[in-house]
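# Structure assessment
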Amino acid sequence: MRALNAWLERSSPNLRGAFWVLASALTFTATATLVKYLGADYSAALQAFYRQAAGLLFVLPVIARDPRGAFHATRPGILIFRAFAGTLALILAYYTYAVMPLADANALSFTRVLWMVPLAAFVLGERVGPRRIVATLAGFIGVLFMVQFSFDMSFGWPVCAALLSAFLFSFTVTGMKVLTRDHSVMTIMVWSATLGFVLSVPGALLAWKWPTGFDLGLFAAMGVMSILSQAFYIRGMSEGEAIVLNPLDYTRLVFALMVGYFIFDETPNPTTMTGAAIVIAATLYITIREQRLPASAKLTAEKDPAA
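Residues numbered from 1 in each chain as written. Predicted model: local features only at pLDDT ≥ 70, side-chain atom pairs only at ≥ 80, totals over all residues. Heavy atoms only, no water.

Across the protein chain, the average pLDDT comes to 85, with 90% of residues at 70 or higher. Looking at the elements of the protein chain, mean pLDDT is at its lowest for helix 12 (residues 242-245), recorded as 72, and at its highest for helix 5 (residues 76-99), recorded as 94. (pLDDT = per-residue confidence, 0-100. Helix = DSSP H or I, 4+ residues; strand = E, 2+ residues; numbered from the N terminus.)

Below you can see the structure in the form of structure tokens.
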């Protein structure tokens, strides 16, 4: 550990940032792997409950220090809507990780960047130029390649769930942009974690199943990994330049391909991977383009909390 810390101190900011973003991608993949493994015996709603419980435990010390201050808000309606959207998005995401190949579910999760373009225009009233519109349309063409223009009962519903999850997560990002105008990030996290836990309870009760001791340990590991993934991503972005580091987040797809192939015996489909490449190229272009725009014209990016 000391050697690692010494190496990080000697490294450039972008190299340090790259280390943390890659660590985030690895822990994200570990979380998704556990979700898929546990999905054989536990519903997505129940898994989401344990994930939200971990998030609540993370912010409890903040709430304990100053309960009134932690929940002070001027836009409670947006905070509540954001929690609803985030909880439903998390359940749908966990469902897709359980029933789809990991690589496919990961690739479809990247469409949240595509959904943010129309949301920025219609919800936030931001100006979106023709280049980003074309890139967004190209990205959704990539989605059609991924699903191979097929919406039969065996494949279509998971795809719809993945796209809806990404759409709802894009709402949480858009809501974050509105809320950060007059709320601290910690206040947003407290509301999100608390309401997320409360909203996950009904679905968990409907599908309740007592976990074995071993599975409870895996749920605990899943919760820790998901929080570490977000913490590593934030640390990485704070160290280096976003325009350099954002593309590294797409290594999640590479890790998902490897895990899917070696652990779950999932063979990549060439057509699906072609579509995934188009989606990634489109979202990369939108992200890089955003970094080069004036601050007034930028969309806000947030780490996908799905895992």
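Core analysis: the largest hydrophobic core is formed by 46 residues, its most contacted members being Tyr94, Tyr97, Leu108 and Leu253. Tallying contributions element by element places helix 5 first for this core, with seven residues. Ignoring any residue separated from it by four or fewer positions in sequence, one finds Leu108 in contact with Met100, Val143, Met146, Val159, Ala162, Leu163 and Ala166. (Core = buried A, V, L, I, M, F, W, Y, C linked by side-chain atoms within 4.5 Å. Buried < 20%, exposed > 50% of the residue type's maximum accessible area, 1.4 Å probe, protein only. Contact = heavy atoms within 4.5 Å.)

Oppositely charged side chains can form a pair if their charged atoms are brought close together. Evaluated as defined, the whole model comprises six salt bridges. Measuring nitrogen to oxygen at the nearest pair gives 3.2 Å for the salt bridge that ties Lys36 to Glu266. With Lys36 in helix 2 (residues 13-38) and Glu266 in the loop between helix 13 (251-262) and helix 14 (270-291), the pair connects residues that are 230 residues apart, well separated along the chain. As far as the burial class goes, Lys36 and Glu266 line up, both buried. Put simply, Glu239 and Arg235 hold a salt bridge, and the shortest N to O gap is 3.1 Å. (Salt bridge = Lys/Arg side-chain N within 4 Å of Asp/Glu carboxyl O.)

Further remarks concern helix 6 (residues 102-109). Spacing of three or four residues puts side chains on the same side of an α-helix, whose turn is 3.6 residues. For helix 6, a buried count of eight out of eight residues is recorded, marking the element as mostly surrounded by other parts of the structure. Turning to helix 6, its buried residues are Leu102, Ala103, Asp104, Ala105, Asn106, Ala107, Leu108 and Ser109.

This model, assessed by the stated rule, comprises 17 aromatic pairs. With 5.0 Å between their ring centres and 70 degrees between their planes, Trp115 and Phe167 make a pair best called edge-to-face. Residue Trp115 is located in helix 7 (residues 112-122), and its partner Phe167 is located in helix 9 (residues 156-179); the two are separated by 52 residues in the primary sequence. Take Trp115: its relative accessible area is 22%, and that puts it in the partly exposed class. Of the residues examined, Phe167 reaches a relative accessible area of 26% and is grouped as partly exposed. Through successive ring pairs, a cluster of aromatic residues spans Tyr42, Phe49, Tyr50, Phe197, Trp208, Trp210 and Phe219. In this structure, Lys36 packs its charged tip against the face of Phe264, placed 5.6 Å from the ring centre. The ring of Phe28 is capped by Arg252, whose NZ or CZ atom sits 3.9 Å from the centre of that ring. (Phe/Tyr/Trp six-rings, centres within 6.5 Å; stacked < 30°, edge-to-face > 60°. Lys NZ or Arg CZ within 6 Å of the ring centre and 35° of its normal.)

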